[in-house]
Amino acid sequence: MPIPKGPGVQRSVSPLQPSSHRLVNVIIDGNAVSVPEGTLVVEAAKALGTSVPVYCYHPKMDPVGLCRICLVEIEKMPKLQIACSTRVSEGMVVHTMSERVAEARRGVLEFLLLNHPLDCPICDKGGECDLQDFTMSYGPGASRLNEPKLHKPKAVDLGPTIVLDEERCILCRRCTRFDAEIAQERNLVVVERGHRSLIGTENGGAYTSYFSGNTTEICPVGALTSKPYRFRSRPWDLGHTDSICNQCPVGCNFRIDTRFGRIMRTFTRENTSVDDGWICDRGRYTFNYLYQPSRLRQPLVRRGGEFVAASFDEAIAASAGPLAAAAQTGRVGVIGGGRLSDEEAFSLQRFARQVLHTNNIDHRAGAQRLASPARYQARLEDLDDASLILIFGALTPEQAPILDLRLRRAVARRHAKLLFVGPYRPWFAVPCNYIEYTPGAIGDLMNQLSDVVHHGREEKGDGFVSEIANELVGAEKIIAIHNGRDADAAGALDRLMDTLHQYDHPVGILVVGSQANSRGAEAAGCIPNLSPAYIPVDDPGMTTHQMLTAAAEGKLDALFIAGANPALTYPDGLLVRRALDSVPFLAVAEQLMTETAAVADVVFAASSFAEKSGHLTNLEGRRQAFKAAVEPPVGVFSDLQIFSALASALGREGVIAADADAAFAQLRAAEDLIRRARGGQTSLPRPQTDDVSDLHSGDAVDATHHTLAIIPVPRLYGGGGAAAYDPGVAPMRPEPFAVIHPDDAVRLGLDSGDRVQLSGRGGSIEVEAKIADQAPPGVALVLADMPQAPVNRLLDASGFGSATAQKLRAEERLRGELGSSSVAVGDGYAAAGAGV
Amino acid sequence: MTPERERRGAQLVAKYPNAQSALIPFLQACQEEDGYVSGDAIRDAAELTGITPAEVESIASFYSLLFKEPVGKHVIQVCRTLSCMLRGADELRDHARMRLGLANGETSADGRFTYEEVECLAACDRAPCLQHNLEFHYDVTPEDFDRQLERWRAEEPAVTMPAE
């Protein structure tokens, strides 16, 4: 039965986009060009390679016509017109280089420079400043101002990442428009009026947007500058390397700028399909960890309980014996891949399968189970014209900020609907419908929705189920986003999408992986039942959960972990601790002294994303290349070199390529072979998962009224990965907290700001209580992956848990701070993370 | 938000097709109550109209008759824009500062006088001008200013600031 479609979604036409597809002929400076009717004159000129100077205009934002530098002469119009806001029409003749235009530009520049401090020699923007450049090209050579200049605040601390110089500001409002139009946050504004106008925030508060760094790039003058880059370099002294951000699975393109072999800053490198020219602050500022004491600079081998520095060969030799012995009995496991490059992940599974002869290989170091949809893979650009965005599990502002910008635009500017299904009220920058649903039941909801959509509206389920079904049926294009944690729900979503697809709805799915290259590692075969390119293996190995369980039970002799920190990120903290303590031999390849590396027998110092070349696969399955920008420290080797040397030491020389190009060729060869073999098959085989119902430990929860269900929630700067160690993001890092419902707060005698101790199956953590109704009654939302308060102590392998909550009184807190109170189990891990 | 303020806000919002239209009347109501637009008023206004507190501040700070701090009974605002400057507003400004003993934006210790230099008061045809509470004074010479000041010092203003 065909489903009647709703009236569809009303879309506003973006002012930036031409209003029609009809081409019109325009002549600019004597050159003819055909552009769509409604194109802005400045863009039409660009099509001819003619650059009209602009300050307030930015191609990603609505034109405002504030600065007047783009004045051009248009025949039959008596006055000069601004090219940024005037649209072309048939037969228009434009002059951008006439004497009238030149005179107008000189005048505008003279005004813009009237109160400008001209402190270019000490300004970070000097050398890449539009005010400087246009003054050189078009400006008057001297000022006619005899009076003293206006003075405004200088070196204003605008927020954790930005310094503002109000005197340099020309009030083009690019930054405030970015915050309003692109970020949809509206916290950065112009205050006061006329010549007193200032860029500011409410009551001088900090500007803390996750996207704040972008304002330093789009500022056409030196008003907004980046704190970490302040006075560090001149733009002409920087070397540039094209790279890919590895802080989340979006895979924004960026440029690494280096000087004297050290990273000075990162800079956007627009890829419209992926990042649309923006990067988030976590991506932008997380590189200083490379220069911290916690950075591993040489291999370490445990002797007599203590780490001692070792040469690379010594570390290889110390690992070869235990790994070879374990491989012989098959009691060996390998975890990692989600933070490695595609070729490294491929080589890691090859190391497991061909050198250690085991299928016990898994990239999943957290609660995530899937990194890709079986079918209907969406592209990020699909969000742009989606009419309904359905999210469950993923908190996109925290996990994939640049994806979230696209989502914000779709909702705020294109009137897409946003629907969040999940166990807590989410925080989005744009209006969102929220349907409270317990995590385990979302699969059932998807199945019910399938039924209702399939059978039409006569057969109604619950009131709201048919309501959602109506939304789905009425939507023109549906994009679903989830975090891959609930394999059953993902399967049910696939079937729902099948049903919708059957009725001609364009549908797509995006899975936000927990690690930057989760998707690449899955495709490269870091999965116990799948070899590269999703080819099922005959005898599947053990999942991470099974390996950890085996290790904890003394059934595993050696574990090799590369670029993963399960001690902090694996949900069942108790299990992972027992596993890492029980396994007779643990080797870890890491960049930093993580909680996992801290308990290893051998630690290899691995190179970072900036010190090697390779590829990363983002959440939409797009493979992107990145290049080495700096040399690694002596003693630091790439993961490929580590795997290759280990293979050689185990008598399998040449099996693992030591350089990225050769490894990539091997990966491509494996993929080509498989692509031919697979033919037209469209649904990807699914990674082996553990039965969620079995994962619940079944530990009796004492049913007093002090017990709360624990749901971990991600936070952009919360931890997990290198950001936890980076001084660049340290000012933004949150303190651990738990969101508790007001009703529970009354019951537990808690106020916002109180310290509360949460005790669960694997120990206890201490967090700050925040009282808000984002948490449903009986639930505490606890920040995930915080080294100083690892929530995985409270969770089981399902990713959820329960804990008793107790308010800490002042004297207990004092004792806790002095370190003399009873130390909760597992504090050794926290100590390893806390010191860095 | 106090219940009283919430009630007032709801009344104002009901008068317009769009809640944001109630912003300035609401800020005026808050100013009438508190004597100035407090930080709380800014946050209340944001809650009422569904915009961010930063946006409210941006709008509130635009208007010279919305005060961010408590002001005196007599608010004297001297125009300092072009037409007035060409007609001697700089002299008037210096004179007013000296006679009041106040710098731009200051309120006297006894809380009676606030002095401010403001943008165009839209009386360019009779420059230089000043505004005393809601009353305009045109073609103001330093002597006129002194005469007026005597009067202001002697009596309570008919309309005190903030006024509705």
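(A) View of a nonpolar patch on the surface. Together, L65(B), L134(B) and V159(B) make up an exposed nonpolar region whose accessible area comes to about 220 Å². Among the residues examined, L65(B) registers a relative accessible area of 33% and is labelled partly exposed.

(B) Layout of the domain arrangement of chain B. The assigned domain composition of chain B is domain 1 (3-62) and domain 2 (74-154). Taking the mean C-alpha position of each, domain 1 of chain B and domain 2 of chain B sit 29 Å from one another.

(C) Main features of the pattern of salt bridges. All names here are of chain A. One pass over the full model with this rule turns up 61 salt bridges over all chains. In this structure, K417 engages E471 in a salt bridge whose closest nitrogen and oxygen atoms are separated by 3.2 Å. Placement of K417 in strand β19 (residues 417-422) and of E471 in helix α12 (residues 463-474) is noted, with a sequence separation of 54 residues between them. What makes K417 partly exposed here is its relative accessible area of 40%. Counted as one network, the salt bridges with shared partners bring together K60, E270, D276, D384, R406 and R409.

(D) Spotlight on the sheet that holds strand β11 (residues 239-244) of chain A. All names here are of chain A. Read from one edge to the other, the open sheet built from three strands follows the order β11-β12-β13, with strand pairing classed as antiparallel. Each edge of the sheet is formed by a strand with only one pairing partner; in this case those strands are β11 and β13 (262-268). Direction aside, the axes of adjacent strands within the sheet are offset by 30° on average. In terms of strand pairing, strand β12 (residues 253-259) meets β13 through six bridges, oriented antiparallel. Across the sheet, residue R259 finds its bridge partner in β13, namely R262.

(E) Main features of the interface of chain A and chain B. Each partner contributes residues to the interface: chain A has 13 residues there, and chain B has 17 residues. Buried area between chain A and chain B, both sides added, is near 1300 Å², and the carbon and sulfur share of it is 46%. For chain A, the biggest contributors to the area lost against chain B are R193(A), R196(A) and E202(A); these three give 47% of the whole. The tally of links between chain A and chain B comes to two salt bridges. Across the pair E202(A) and R43(B) runs a salt bridge, and its minimum N-O distance is 2.9 Å. Summed over the shared surface of chain A and chain B, the number is nine residue pairs in polar contact (both at pLDDT 80 or more). Of the residues belonging to the side of chain A that touches chain B, the class tally is three nonpolar, four polar and six charged.

Parameters and conventions
- In this numbering scheme, every chain counts its residues from 1 along its sequence in written order.
- Throughout, the order in which chains and ligands are written sets their labels, letters from A for the former and numbers from 1 for the latter.
- The model is predicted, so local features are restricted to residues of pLDDT at least 70 and side-chain atom pairs to those at 80 or more, both for listing and for counting; the totals for chains, interfaces and linings are taken over all residues.
- Excluding hydrogens and water, the side-chain figures rest on all heavy atoms present in the structure.
- A residue counts toward a patch only above 30% relative accessible area and without a salt bridge, and it is joined to like-charged neighbours within 9 Å or, for Val, Leu, Ile, Met, Phe, Trp and Tyr, to nonpolar neighbours within 5 Å.
- Throughout, the Shrake-Rupley method with a 1.4 Å probe supplies accessible areas, and for residues the shown protein chains are the sole cover considered.
- Salt bridge, as applied in this entry: a Lys or Arg side-chain nitrogen positioned within 4 Å of an Asp or Glu carboxyl oxygen.
- Here's how the labels work: a residue is buried when its accessible area is under 20% of the maximum for its type, exposed when over 50%, partly exposed in between, all with a 1.4 Å probe on protein chains only.
- Domain delimitation in this document rests on an assignment produced automatically or drawn from a domain database.
- Helix and strand definitions here come from DSSP, where helices need a minimum of 4 consecutive H or I residues and strands a minimum of 2 consecutive E residues; each element is numbered from the N-terminal end.
- The criterion for strand pairing is that DSSP finds at least two bridges linking the strands in question.
- Every axis corresponds to a line fitted to the C-alpha atoms, with the helix fit spanning only the stretch in contact, and the corresponding angles, defined between N-to-C directions, vary from 0 to 180 degrees.
- Note on contacts: a residue pair is in contact if any heavy atoms of the two residues lie within 4.5 Å.
- Note: buried area is the sum, over both parts, of the accessible area (probe 1.4 Å) each one loses when the two are combined.
- A 3.5 Å cut-off defines polar contacts: any pair of N or O atoms within that distance qualifies, except that in protein one atom must be a possible hydrogen donor and the other a possible acceptor, and neighbouring residues in sequence count only when both atoms are side-chain atoms.
- The residue classification treats Ala, Val, Leu, Ile, Met, Phe, Trp, Tyr, Cys and Pro as nonpolar and Asp, Glu, Lys and Arg as charged. All others, Gly included, are polar.

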